Amino acid sequence: MKKTLLLFALLFATTFSAVADKGMWLPSLISSRIEDMKSKGFKLSAEDIYSINQASLKDAVVLFDGGCTGEIVSEKGLLLTNHHCGYDAIQAHSTVEHDYLTNGFWAKSEDEELYCPGLKVHILVRMEEVTDRIAAGQTKEDFIAKAEAEGEGYFAKVESMYYGNMAYLFVYREFRDVRLVGAPPTTIGKFGADNDNWIWPRHTGDFSVFRIYADENNNPAEYSENNKPYTPARHFEVSTAGVKEGDFTMIYGFPGNTQEYITSDAVKYISELSDPTKIELRTKRLDIIGDAQAKSAKTRIQYAAKQASIANAWKKWQGEVKGINRLGTVAKKLDYEARFRKDNPDKAYLLDSLAAAYERNAEGYFNYELYTETLRGIEIQNVVRLALNESLSEADRAAAIELFYKDFDVNVDRALAIAMLKEYEKMGTYISEELKALFAQHGGAEGYANYLYDNTALGTIEGFSVEAAKCDPVAEFVAAIAPIQQRIKSYTYRNFSNHPDIERWFRPYVKALMEWDKERAFFPDANLTLRVAYGKVAGYEYADGEWHLPQTTLEGIIEKDNPEIYDYNVPQELRDAYAKKDYGRWGIELNGKYTVPVCFIATNHTTGGNSGSPVLNDKGELIGINFD
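Residues numbered from 1 in each chain as written. Predicted model: local features only at pLDDT ≥ 70, side-chain atom pairs only at ≥ 80, totals over all residues. Heavy atoms only, no water.

1. Points about the overall build of the chain
Across its full length, the chain holds 24 helices and 21 strands. Rg of the C-alpha trace for the chain: 25 Å, near the compact-globule value of 25 Å for 628 residues, within the 12% margin. Along the three orthogonal principal directions, the C-alpha set of the chain runs to about 70 × 70 × 60 Å. The proportion of buried residues among the 628 residues of the chain is 56%. Considering only contacts in the chain between residues 6 or more positions apart, those separated by 24 or more positions represent 77%. Surface accessibility of the chain: about 27,400 Å² in total, with carbon and sulfur atoms responsible for 49%. Positive and negative charge centroids in the chain, built from 71 and 93 side chains respectively, lie 3 Å apart. (Helix = DSSP H or I, 4+ residues; strand = E, 2+ residues; numbered from the N terminus. Rg over C-alpha atoms; globule rule 2.2 N^0.38 Å. Buried < 20%, exposed > 50% of the residue type's maximum accessible area, 1.4 Å probe, protein only. Contact = heavy atoms within 4.5 Å. Areas by Shrake-Rupley, 256 points an atom, 1.4 Å probe, with all protein chains shown as cover. Lys, Arg positive; Asp, Glu negative; His and termini not counted. Charge placed at Lys NZ, Arg CZ, Asp CG, Glu CD.)

Printed below as a string of structure tokens:
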């Protein structure tokens, strides 16, 4: 219980745009911000944050599983991240007999740690600007090939900043032997689930524990029983001193996606069309999955990670729309653009060109998003794609097929297919003639979906074979949507604004903004590259006369505890500890009560991808794990 409370007391930081300390700064350029950071209480140097000549804080931060962040907290490669970031790996090891999602998992020794196939972490070696060299003719491929030849397990990427005004090379070490060490039960790690997600006050112990392994020379390696725990160049010390309002905080992680400089045209698309449509579609998918999970423990486990993935963005988009409307973001953007036009009449054409480019491409990008949310989510097609993939060896295909069917229920997929094909039939304007013909042949989308699942042999692993898959009705479906895939291919970018026809106007527009708005602190949009964001522990005004404190405690968990609701049914051990006030050294006096801290909020700028990031104090010690 004491070990649980130690990890449970690791706190988190989140952002509230009305009070946020803006900025997601590149660590290699952090010297330009260090004086401001020190004025807010930071006690270390820029070299402590990022250095390529000596160990620095960057060496303890990892990109976790390609979409989250984690932090190394021991000399033996012990790694902390969010429970929701490790959720796929925890779910993959869970069965009805060994339900680690519900009950949690704790390895008592290194021998009991569970290898997680496919899970990778990346540790940044260095970043360097290559803008001028690319302009001079060097290619991204040249940079990547040269960098990856520098060391064993090296992995490199070239990323653009400010819509292509700058380019940076990022060189990582890629570790492929990562093992699950510990996870709390769901009603700690996912306490409150979707109901509480993206909402304050939070009482979620959103953490999980992994370990990085390396070969005998401490280099990245494929899984082997002979591998040893990785010895990092640097790890974070964990502070258990707690926090108070006004304390300095720093998030060091890999934020995934922001759109700081988009125009009113893009905000309208997001808030009036894109988000509302995706929310509606995901609501239907979640209802279907939720109903199935409620009826079967096996289905609950099979679809746990899928449900969580669908629900996270679904809840976020709801808040995004509400925030855009409540804050009057479109009107604020229009006012900002009007001032730009007035002061820069010779550059007003940039805004006109952006508006025209958005209008030209709106239908295409919407169809790309619609396809992703509907047709691509019909899972049974994946076994045909595996069968048709000639690059796979027989052993790799067999392993992939087994993994697919482990978390697949044909009846759930049928229900999802009926719902999503009906929605695509209603909204898709890029529908192929082949799919139209199939709909017409079977009396519409629902009739076709029922025909598909009534006649496929691929509903279970026993019915699968490569030859059967090639002539199955599902293969006909895959062929029918191929023209749609081809048509939307030109819209598969991170954001609508990154479409080349739009981005080419953003490049000079952002440059013009930098020259015009001298008071604004410009930082590159997040793109899953390492960044520093800093702020302070702070509460906020939720509504007129209603102030939210910056910290939650164990009392809040007990108040929400409800044995009749799965997401709020806390472990009995926690109830017992609360009843006895048996908190060990984790008990503190806070607001006049003896309790245990759970979560806190701070003003740091953050977004998806920063999930699992270390939240650090003024001395660079770990005081929390970022989520939401």
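2. Focus: the pattern of salt bridges
One pass over the structure, following the stated rule, counts 37 salt bridges. Close ionic contact of R285 with E373 constitutes a salt bridge, the shortest N to O distance being 3.1 Å. Here R285 is found in helix α10 (residues 264–295), whereas its partner E373 is found in helix α14 (residues 348–373), with 88 residues between them in sequence. On the basis of relative accessible area, R285 is assigned to the buried category, the value being 12%. Of the charged contacts, one joins E446 and K422 as a salt bridge, the two residues approaching to 3.6 Å between their closest N and O atoms. With E446 in helix α19 (residues 445–455) and K422 in helix α17 (residues 410–427), this pair connects stretches of sequence that are 24 residues apart. Using a relative accessible area of 40% as the deciding quantity, one classes E446 as partly exposed. (Salt bridge = Lys/Arg side-chain N within 4 Å of Asp/Glu carboxyl O.)

3. Structural notes on the sheet that holds strand β21 (residues 622–625)
Spatial strand order, β13-β12-β20-β21: 4 strands in an open sheet with antiparallel pairing. Only two strands of the sheet have a single partner each, and these edge strands are β13 (531–536) and β21. Here the strands of the sheet are splayed against their neighbours by 30° on average, with no regard to which way each runs. (Pairing = 2+ DSSP bridges. Axes fitted to C-alpha atoms, helices over the stretch in contact; angles between N-to-C directions.)

4. Quick look at the environment of V181
As for its placement among the helices and strands, V181 is situated in strand β9 (residues 177–183). Spatially, the C-alpha atoms of V181 and L392 are 31 Å apart, while their sequence positions differ by 211 residues. In contact with V181, not counting residues within four places along its chain, are L78, F105, W106, A107, E113, V209, F210 and R211.

5. Brief notes about the state of the cysteines
According to the stated counting rule, one finds 1 disulfide in the structure shown. With its sulfur 2.2 Å from that of its partner, C68 forms a disulfide with C85. Its S-S torsion of approximately -80° makes the covalent link between C68 and C85 left-handed. Pair noted here: C68 is in strand β2 (residues 68–72) and C85 is in the loop between β3 (78–81) and α4 (87–92), with a separation of 17 residues, a long-range link. Comparing C68 with C85, the two get one shared label, buried. Cysteine C116 is unpaired, with the sulfur of C85 as its nearest cysteine sulfur at 13 Å. The class for C116 is buried, based on a relative accessible area of 3%. (Disulfide = S-S within 2.5 Å.)

6. Focus: the packing of aromatic side chains
For the coordinates displayed, the defined rule picks out 33 aromatic pairs. Consider the rings of Y163 and F506, whose centres lie 4.5 Å apart with planes at 15°: the pair is stacked. Taken together, the residues Y163 in the loop between β7 (154–161) and β8 (166–175) and F506 in helix α22 (residues 500–516) connect sequence positions 343 residues apart. Given the relative accessible area of 0%, F506 is considered buried. An aromatic cluster of three or more residues is present, and its members are Y163, Y269, Y336, F340, Y358, Y365, Y368, F496, F506, Y509 and W516. Between K306 and the ring centre of Y303, over which it is positioned, the NZ or CZ distance is 4.2 Å. The cationic tip of K581 hangs over the ring face of Y578; the distance from NZ or CZ to the ring centre is 4.0 Å. (Phe/Tyr/Trp six-rings, centres within 6.5 Å; stacked < 30°, edge-to-face > 60°. Lys NZ or Arg CZ within 6 Å of the ring centre and 35° of its normal.)

7. Quick word on the pairing of strand β14 (residues 540–543)
Bridge count for β14 against strand β15 (residues 546–548) is 3 bridges, and the pairing is antiparallel. When the bridges of β15 are listed, A543 appears paired with E546. Linking β14 to β15, which pair antiparallel, is a turn of 2 residues; within it G545 sits at a positive phi near 80°.

8. Thoughts on the environment of K306
With respect to the helices and strands, K306 occurs in helix α12 (residues 304–327). Residues K306 and Y87, 219 residues apart in the sequence, show an inter-C-alpha distance of 9.8 Å. In this structure, K306 is in contact with E379, D407 and F408, ignoring residues within four places of it in sequence.

9. Quick notes on the nonpolar core
M37, I49, M250, Y252 and L435 are the most contacted members of the largest nonpolar core, which totals 127 residues. V62, I90, V121 and A308 belong to the second-largest nonpolar core, a separate cluster that totals 28 residues. (Core = buried A, V, L, I, M, F, W, Y, C linked by side-chain atoms within 4.5 Å.)

10. Topic: the packing of α17 against α19
At their nearest, the axes of α17 and α19 sit 8 Å apart, and the two run at 155° to each other. Judged by the inter-axis angle, α17 sits roughly antiparallel to α19. Here the hand of the crossing between α17 and α19 comes out right-handed. Contacts between α17 and α19 involve V410, D413, R414, A417, I418, L421, K422 and E425 from the former and A445, E446, Y448, A449, N450, Y453 and D454 from the latter. (Parallel < 35°, antiparallel > 145°, perpendicular 65-115°, else oblique. Left-handed = near helix turned anticlockwise from the far one by under 90°.)

11. Some points on α12
The terminal C-alpha atoms of α12, which comprises 24 residues, lie 34 Å apart, in line with the 34 Å expected from a rise of 1.5 Å per residue. Backbone geometry just after α12 places G328 at a positive phi near 65°. (Expected span 1.5 Å × (residues − 1).)

12. Points about α17
The end-to-end C-alpha separation of α17 is 25 Å, in line with the 26 Å expected for 18 residues at 1.5 Å each. Every buried residue of α17 is listed here: V412, D413, L416, A417, I418, A419, M420, L421, E423 and Y424. With a side-chain oxygen positioned 2.8 Å from the backbone nitrogen of N411, the residue opening α17 is D409. (Polar contact = N/O pair within 3.5 Å; in protein donor to acceptor, adjacent residues only side chain to side chain.)

13. Here's the deal with the side chain of S74
Mapped onto the elements of the fold, S74 is located in the loop between β2 and β3. Of the residues examined, S74 reaches a relative accessible area of 17% and is grouped as buried. Here L78 takes part through its backbone nitrogen, which lies 3.2 Å from a polar atom of the side chain of S74. Leave out the neighbours within four places in its chain, and S74 touches R211, P232 and H235.

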